[in-house]
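Close look at the chain arrangement
Residues per chain are reported as follows:
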Amino acid sequence: MPERPVAVRARSRGRPPRSPLEEFEQVYLRNVDVLMGYFARRCHDPHTVADLTSETFVQAMDGFARFDPRRGSDRAWLFGIAAHVFARHCEQSAGGRDAAARLGGHRTLGMDEIEELAERIDAEREGAALMRRCARLPAVERAAIELVDLDGLSPKEAAQALGVSGVAFRKRLSRARSRLRKEHESND
Amino acid sequence: MTKFTDHLWSDLAREHGPALAQADRPEPARAPLLRRPRVLAGSTLGLAGVGTALALTLGASSTPAFAVTTSGDGSVLVTINQTTALPQANAKLTAMGIHEQITIYMASGAAAVSGPVTCTPAPGVSNLPGPPVKVLVGTNGTQVINSGNTGAGTWHLGACHLTGDSGSGNTGNTGPG
């Protein structure tokens, strides 16, 4: 097994990052799990979840020099990227192109990694079910529910990820929750 | 981290790290988690009193990852056996029409008092409309993570905060550009 890069061995948990790479590593550690969940609710194939997660962080790493934490949280920024990555994936899939090939052919997954990702997809079943229940909601309200209630973003972060104002976002979220609650009550 | 996320970071650091290491960043890093520890996602938990993020990867368990039950007095008990289930537990609350979300903070060591912890409104949050919410980690409030997993050791729920639909938005940093 090849030796891991120094940056990986010398994790910077618990102290301020000393380089952009360490800073990005902390961003990665804070967000990789929740972003995997975001894709695991959308895709049933572990390889696709792996590819989309990888592509999101590749794009994030390439653009990290321009990311300004004073303008919003890293999580909101990453979810903005993830939304673009997934939209592009859907466009390419509809066109019959293979996502993995398009994304540059990320490395082959080991069996244990495939099992981990499959378990993650399975763990997102409830979230995926909630999203199916939200299918009748407008896309903007569905996104509001997902980002806040499933992905754990604050309303402020979710508004940033969607590129809308906080006021508009809170209205969407409130409206979406109200509709879901009524639906839940009517099903009881 | 899982093997996949560990390997992915290795690939990212190897292939893109050298370029990033030379990059100029707008300002020294800020850590939102340390200043505003709303920690709901996946397996990342806040450490009360320390303010450091810790990704707890729990081993496979035969018990359900989480459970949400309503007591006769109207309070809600959320039992969490795997940290990755926290978003699902919050989703369940939403599905039940409860407009409150849980943020939990783990602390090292065994729980001084076994049993569930009653959640309190997060700082700055008031007028939460929902019922009282309690959180139980593991079977009795103490979670033991085996060596070999990230976060190995004994942990307990140090605090549990509730948040509702709050916050204000701004723009910027949207998208990859």
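In this text, all values refer to a predicted model and were calculated from it rather than measured experimentally. (Residues numbered from 1 in each chain as written. Chains lettered and ligands numbered in written order. Predicted model: local features only at pLDDT ≥ 70, side-chain atom pairs only at ≥ 80, totals over all residues. Heavy atoms only, no water.)

1. Some remarks on the overall build of chain B
The condition is simple: Numbering of helices and strands runs from the N terminus, with a helix taken as a DSSP run of H or I at least four residues long and a strand as a DSSP run of E at least two residues long. Working definition: with a 1.4 Å probe on protein chains only, accessible area under 20% of the residue-type maximum means buried, over 50% means exposed, and in between means partly exposed. Residues are treated as being in contact if the distance between any of their heavy atoms lies within 4.5 Å. The method behind every accessible area is Shrake-Rupley, applied with a 1.4 Å probe, and residues are considered shielded solely by the protein chains displayed.
A count of helices and strands for chain B gives 3 helices and 10 strands. Counting from the amino terminus, helix and strand elements in chain B follow one another as α-α-β-β-β-β-α-β-β-β-β-β-β. Counting all 177 residues of chain B, 50% fall into the buried class. Sequence separation of at least 24 residues holds for 64% of the intrachain contacts in chain B that already meet a minimum separation of 6. As displayed, chain B has an accessible area near 7600 Å², and 54% of this comes from carbon and sulfur atoms.

2. Concerning the packing of aromatic side chains
By convention here, two paired aromatic rings are described through the distance between centres and the angle between planes. Note the threshold: Stacked, edge-to-face and tilted labels apply to pairs of Phe, Tyr and Trp rings (six-membered ring for Trp) whose centres lie within 6.5 Å, assigned for plane angles under 30 degrees, over 60, and everything in between, in that order. Two conditions define a charge sitting above a ring: the NZ of Lys or the CZ of Arg must be within 6 Å of the ring centre, and it must be within 35 degrees of the ring normal.
Overall, the coordinates contain 10 aromatic pairs over all chains when judged by the stated rule. Pairing Phe24(A) with Phe57(A) gives two aromatic rings, centres 6.4 Å apart and planes at 80 degrees, and the pair type is edge-to-face. With Phe24(A) in helix 2 (residues 20–40) and Phe57(A) in helix 3 (residues 46–63), the pair connects residues that are 33 residues apart, well separated along the chain. With respect to burial, Phe24(A) and Phe57(A) carry one shared label: buried. Grouping aromatic residues by their ring pairs yields a cluster made of Phe24(A), Tyr28(A), Phe57(A), Phe64(A), Phe67(A), Trp77(A) and Trp9(B). Cation over ring: Arg42(A) sits above Tyr38(A), and NZ or CZ is 3.8 Å from the ring centre. Positioned over the ring face of Phe86(A) is Arg42(A), at 5.3 Å from the centre of the ring.

3. Considering the pairing of strand 4 (residues 76–80) of chain B
All names here are of chain B. Note the threshold: A pair of strands is considered paired only if DSSP assigns at least 2 bridges between the two.
Along strand 4, 4 of the 5 residues are buried, which leaves the element largely enclosed by surrounding structure. In this structure, strand 3 (residues 66–70) lies alongside strand 4, joined through 5 bridges in antiparallel fashion. When the bridges of strand 4 are listed, Thr-69 appears paired with Leu-77. Hairpin geometry of strand 3 and strand 4 is characterised by an intervening segment of 5 residues between the two adjacent antiparallel strands and by a positive phi of about 95 degrees at Gly-74. Note: strand 4 against strand 8 (residues 133–137), 5 bridges, orientation parallel. Within strand 8, the residue paired with Thr-79 across the bridge is Leu-136.

4. Some remarks on the packing of helix 3 of chain A against helix 1 (residues 3–21) of chain B
What counts is decided by this rule: Working convention: axes come from line fits to C-alpha atoms, limited for helices to the stretch in contact. Angles between N-to-C directions cover 0 to 180 degrees. For classification, angles of less than 35 degrees are called roughly parallel, those exceeding 145 degrees roughly antiparallel, those between 65 and 115 degrees roughly perpendicular, and all remaining angles oblique. Left-handed describes a crossing in which the near helix is turned anticlockwise from the far one by less than a right angle; the clockwise case is right-handed. All amino acids are sorted into three groups, where Ala, Val, Leu, Ile, Met, Phe, Trp, Tyr, Cys and Pro are nonpolar, Asp, Glu, Lys and Arg are charged, and the leftover types, Gly among them, are polar.
Put simply, helix 3 of chain A and helix 1 of chain B touch, their axes get as near as 10 Å, and they point 25 degrees apart. Overall, the two elements helix 3 of chain A and helix 1 of chain B adopt an arrangement that is roughly parallel. You can see that helix 3 of chain A and helix 1 of chain B cross each other, and the crossing is right-handed. On helix 1 of chain B, the residues that touch Ala50(A), Thr53(A), Ser54(A), Phe57(A), Val58(A), Met61(A) and Asp62(A) of helix 3 of chain A are Phe4(B), Leu8(B), Trp9(B), Leu12(B), Ala13(B), His16(B), Gly17(B) and Leu20(B). Residue composition of the contact of helix 3 of chain A with helix 1 of chain B, grouped by class: 10 nonpolar, 4 polar and 1 charged.

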